[in-house]
Amino acid sequence: MKKQRIAILASGNGSNAEAIMNWAMIQKSLAEVVCIGSNVKTAYVHERAKKFLVPTFTISKKKNEDKHGFDERLVEKLQSYSPDWIVLAGYMKILTPVFLKKYPGRVINIHPSLLPAFPGLDGYGDAFRAGVSESGCTVHYVDEGVDTGAIIAQKKFSLIKGESFDDFKKRGLVIENQFYPEVIETLLKGNL
Ligand code: GRF
């Protein structure tokens, strides 16, 4: 199989992006992270990419630009890297049909809850406040909705009695960092 070219989109910290870059270094014959795109110039993910010599770029919203115009510029930039897969890792914008039509069935995301429970901006927070005894993360295809695309795989974990929210969230992120590359590998090998 042709080596798969992965473009990551991220807006912030980038721990999942780093985990995927690490994994791709090991799985050199299977995949390569060809770029990281962001909508935030100061996002820490840019620093993480430097260690791996992965090029990054930022598309900032122009004054009076609508979301379709933004996505057109994002697609144009991404196309110069010819990605096979678009992997969202903490990308905080909703992708429009302009974008999704360019990469049908090739855009995936990780969300910090067991979808369809707790979609939206604060999956861990919403689950914690709801007092669930079990939470997790979900890798899913991206559609035009908010965390509504078809589910690819989920990882469950229990809440520890008395655990603080910060500890719960930190633990969740560590689990995501392991799970996301595992799911991507399985997906790329055609086993999902
Ligand atoms: C993760 O919890 C992910 O599930 C969510 O945003 C967070 C990104 O974290 N979509 P990081 O930037 O990868 O550290």
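Anything mentioned here points back to the structure above.
Conventions used here
- Residues numbered from 1 in each chain as written.
- Predicted model: local features only at pLDDT ≥ 70, side-chain atom pairs only at ≥ 80, totals over all residues.
- Heavy atoms only, no water.
- Salt bridge = Lys/Arg side-chain N within 4 Å of Asp/Glu carboxyl O.
- Helix = DSSP H or I, 4+ residues; strand = E, 2+ residues; numbered from the N terminus.
- Buried < 20%, exposed > 50% of the residue type's maximum accessible area, 1.4 Å probe, protein only.
- Contact = heavy atoms within 4.5 Å.
- Lys, Arg positive; Asp, Glu negative; His and termini not counted.
- Axes fitted to C-alpha atoms, helices over the stretch in contact; angles between N-to-C directions.
- Parallel < 35°, antiparallel > 145°, perpendicular 65-115°, else oblique.
- Left-handed = near helix turned anticlockwise from the far one by under 90°.
- Nonpolar A, V, L, I, M, F, W, Y, C, P; charged D, E, K, R; others polar.

*Asks:* Quick question: what am I supposed to make of the pattern of salt bridges here?
*Replies:* Oppositely charged side chains can form a pair if their charged atoms are brought close together. Tallied over the full model, the rule gives nine salt bridges. Of the charged contacts, one joins Lys189 and Glu185 as a salt bridge, the two residues approaching to 2.7 Å between their closest N and O atoms.

*Asks:* What should I look at first to understand the environment of Glu47 in this one?
*Replies:* Tracing the sequence through the fold places Glu47 in helix α2 (residues 45-51). The exposure class of Glu47 is partly exposed, given its relative accessible area of 39%. Note: C-alpha distance between Glu47 and Glu18 (29 residues apart in sequence) is 9.9 Å.

*Asks:* What is the right way to look at the side chain of Glu65 in this model?
*Replies:* Relative to the assigned elements, Glu65 resides in the loop between β3 (56-58) and α3 (67-79). Relative accessible area serves as the criterion here: at 13%, Glu65 is assigned to the buried category. Ignoring any residue separated from it by four or fewer positions in sequence, one finds Glu65 in contact with Ser60, Phe70 and Arg73.

*Asks:* Explanation requested: the side chain of Asp71 in the structure shown.
*Replies:* Counting through the fold element by element, Asp71 comes out in helix α3. Here Asp71 sits buried without a salt bridge, and the closest side chain of opposite charge, Lys93, lies 6.7 Å off (N-O distance).

*Asks:* Mind showing me how you'd approach the packing of helix α1 (residues 15-26) against helix α6 (residues 165-188) here?
*Replies:* Each pair of packed helices gets described by two things: the angle between the helix axes and the distance between those axes. Look at α1 against α6: their axes get within 9 Å of each other, and the N-to-C directions meet at 45 degrees. Between α1 and α6, the interaxial angle falls into the category oblique. Crossing geometry of α1 relative to α6 is assigned as right-handed. Where α1 approaches α6, its residues Ser15, Asn16, Ala19, Ile20 and Trp23 are matched on the opposing element by Leu173, Glu176, Asn177, Tyr180, Pro181, Ile184, Glu185 and Leu188. In terms of residue class, the contact of α1 with α6 is made up of eight nonpolar, three polar and two charged.

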